[in-house]
Amino acid sequence: MGDVVIGARSGAGEPEGSGGRAARSAESGAPSASVEDTAAQTADEHGDGTEGPTGGSSESHRPDAESADQPESQAAGKQRKQRSFWKELPILVGIALVLALVIKTFFVQAFSIPSESMQNTLQVGDRVLVDKLTPWFGAEPERGEVVVFHDPGGWLNDEPTPQSSNSFVRGVQDVLSFVGLMPSANEKDLIKRVIAVGGDTVECEGTGPVKVNGVALNEPYVYQGNTPCGDHPFDPVKVPNGRIWVMGDHRADSLDSRFHMDQPGGGTVPVGNVIGRAFVVAWPVGHWSTLSVPNTFDQKGLAAAAPLAPPVAGAVGAVALLPLVRRVRERRGGRKDS
């Protein structure tokens, strides 16, 4: 565009300079019409014709000024970004800790396995994740689930609480366990498998098998070399409503419901003491596995008494209310006809 403008002003191929313009002005004495037309055309091509040579000259120098200031502005911007990151870091850490605390309180919590009572399903030192969300919606433990629960009273009186001898390590563990990033060393919780729930009758005579509501369980998860009853068989026990009967998979090395039948509740655990269901072994990586419910607890007749009661009661109630429903319909039909 600049070449075109220069050609229009000169009107010839000679270079345009201050000397050439002065000679032309002396010869003509006044600008010709063609020169005025050319000047007008040049102004139109520039845009609105309001800016003169001075405006164009100032704009030509403006990019150079901006380019000179650009490195300094970029450096200042980087410094501002670095300062803002360090200012925001404590806020980010605080938000992360609050989220971890919320997750631990309402959703998932990690627990460490301290003993051999659940071998070979769980090994000493394994970390399991426990679902704490579903109990908030009224879900109760089911047969076959591995659950973590608070000591119902007297189960862990003789068990020492494992703690580090290093005060700094204990402090770090307390902080991390408070927000749910580490298992707590102070809480006396237990982990066992639910064998029977409220309303069930459970028994184990001789060497087994364990029976629930008269149905024998096939328990491949029991520690190799153990019998289903371990060294502590027991007569039939009726589990009260709102409670569960629990046993460890290592039957010869588990002080479970069998060993607390002389205490209040007859060895059963209140459902309210259950923290949640352990659903996965998260650590170490080599032990990673899910803790699913064994197929033996899906046997027909295992829970025949409980599930049939609501449908039968519902059917009886529906039959009893049928005449009343018919009367209401007849009255509504008579009102419409009138």
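Participant: Would you explain the packing of aromatic side chains in this entry?
Facilitator: Evaluation of the coordinates by the stated rule reveals two aromatic pairs. Considering the side-chain rings of F149 and W155, the 5.9 Å spacing of their centres and the 90 degrees angle between planes classify their relative orientation as edge-to-face. W155 shares its class with F149; the two are buried. Taken together, a centroid distance of 4.9 Å and an interplanar angle of 40 degrees make the contact between F234 and W245 tilted. Highlighted residues: F234 in strand 8 (residues 234–238) and W245 in strand 9 (residues 243–247), separated in sequence by eleven residues. In this structure, R193 is placed above the aromatic ring of Y221, and the distance from its NZ or CZ to the ring centre is 4.1 Å.

Participant: Is there a simple way to think about the state of the cysteines in this case?
Facilitator: Simply put, the disulfide is a covalent bond whose two ends are the sulfur atoms of two cysteines. Under the counting rule described, the total for this entry stands at one disulfide. Here C204 connects covalently by a disulfide to C229, the sulfurs 1.6 Å from one another. The chirality of the disulfide connecting C204 with C229 is left-handed, given an S-S dihedral of about -95 degrees. Residue C204 is found in strand 5 (residues 201–204), and its partner C229 is found in the loop between strand 7 (215–216) and strand 8; the two are separated by 25 residues along the sequence. Side by side, C204 and C229 carry an identical accessibility label, which is buried.

Participant: Explain the side chain of R243 here, please?
Facilitator: Within the element layout of this structure, R243 appears in strand 9. Within polar-contact distance, the side chain of R243 engages the side chain of T268 at 2.6 Å. When residues no more than four places from it in sequence are discounted, the contact partners of R243 are V197, G198, P264, G265, T268, V269, P270 and V271.

Participant: Explain a nonpolar patch on the surface here, please?
Facilitator: On the surface, a nonpolar cluster with roughly 480 Å² of combined accessible area is contributed by F85, W86, L89, V93 and L97. Looking at the element boundaries, L89 is found in helix 4 (residues 53–106).

Participant: Honestly, the pattern of salt bridges in this entry has me stumped. Any pointers?
Facilitator: Counting across every chain of the model gives five salt bridges. Note that R193 is salt-bridged to D249, the shortest N-O span being 2.8 Å. Here the residue R193 occupies a position in strand 4 (residues 189–197), and D249 occupies one in the loop between strand 9 and strand 10 (269–270), the gap between them amounting to 56 residues. Accessibility expressed as a relative area gives 0% for D249, which makes it buried. Between E219 and R251 there is a salt bridge; the shortest N-O distance is 2.8 Å.

Participant: What should I look at first to understand the sheet that holds strand 5 in this one?
Facilitator: Strands in a sheet are paired, the pairing made by backbone hydrogen bonds, and the direction either parallel or antiparallel. With respect to topology, four strands assemble into an open sheet ordered 7-6-5-8, the strand pairing being antiparallel. Edge positions in the sheet fall to strand 7 and strand 8, since each has one partner strand and no second. Relative to strand 6 (residues 211–212), strand 5 runs antiparallel, the two being bridged by two bridges. Within strand 6, the position partnered with E203 by the bridge is K211.

Participant: Even after reading the chapter, I still don't get the confidence of the model for the protein chain, so can you show me in this structure?
Facilitator: Detailed reading of the predicted coordinates is not advisable wherever pLDDT falls low. Of all residues in the protein chain, 54% attain a pLDDT of 70 or more, and the chain-wide mean is 73. Below pLDDT 50 for its whole length, residues 38–43 participates in six contacts with residues either more than four positions away or in separate chains. The model gives residues 304–313 a pLDDT under 50, and that stretch makes zero contacts with residues more than four places away or in other chains.

Participant: What exactly am I supposed to notice about the nonpolar core here?
Facilitator: Taken as a class, soluble globular proteins show a tendency for nonpolar side chains to be buried jointly. I195, V202, V210, V212, L217, F234 and W245 are the most contacted members of the largest nonpolar core, which totals 18 residues. Where this core is concerned, the elements lending two or more residues are strand 4, strand 5, strand 8 and strand 9. Those residues in contact with F234, other than ones at most four positions away along the chain, are V202, E203, C204, E205, W245, M247, R258 and M261. Core analysis: the next-biggest nonpolar cluster, separate from the first, contains 13 residues, I113, V128, V148 and I191 among them.

Conventions we followed
Residues numbered from 1 in each chain as written. Predicted model: local features only at pLDDT ≥ 70, side-chain atom pairs only at ≥ 80, totals over all residues. Heavy atoms only, no water. Phe/Tyr/Trp six-rings, centres within 6.5 Å; stacked < 30°, edge-to-face > 60°. Buried < 20%, exposed > 50% of the residue type's maximum accessible area, 1.4 Å probe, protein only. Helix = DSSP H or I, 4+ residues; strand = E, 2+ residues; numbered from the N terminus. Lys NZ or Arg CZ within 6 Å of the ring centre and 35° of its normal. Disulfide = S-S within 2.5 Å. Polar contact = N/O pair within 3.5 Å; in protein donor to acceptor, adjacent residues only side chain to side chain. Contact = heavy atoms within 4.5 Å. Patch = residues over 30% accessible without salt bridge, like charges linked within 9 Å, V, L, I, M, F, W, Y side chains within 5 Å. Areas by Shrake-Rupley, 256 points an atom, 1.4 Å probe, with all protein chains shown as cover. Salt bridge = Lys/Arg side-chain N within 4 Å of Asp/Glu carboxyl O. Pairing = 2+ DSSP bridges. pLDDT = per-residue confidence, 0-100. Core = buried A, V, L, I, M, F, W, Y, C linked by side-chain atoms within 4.5 Å.

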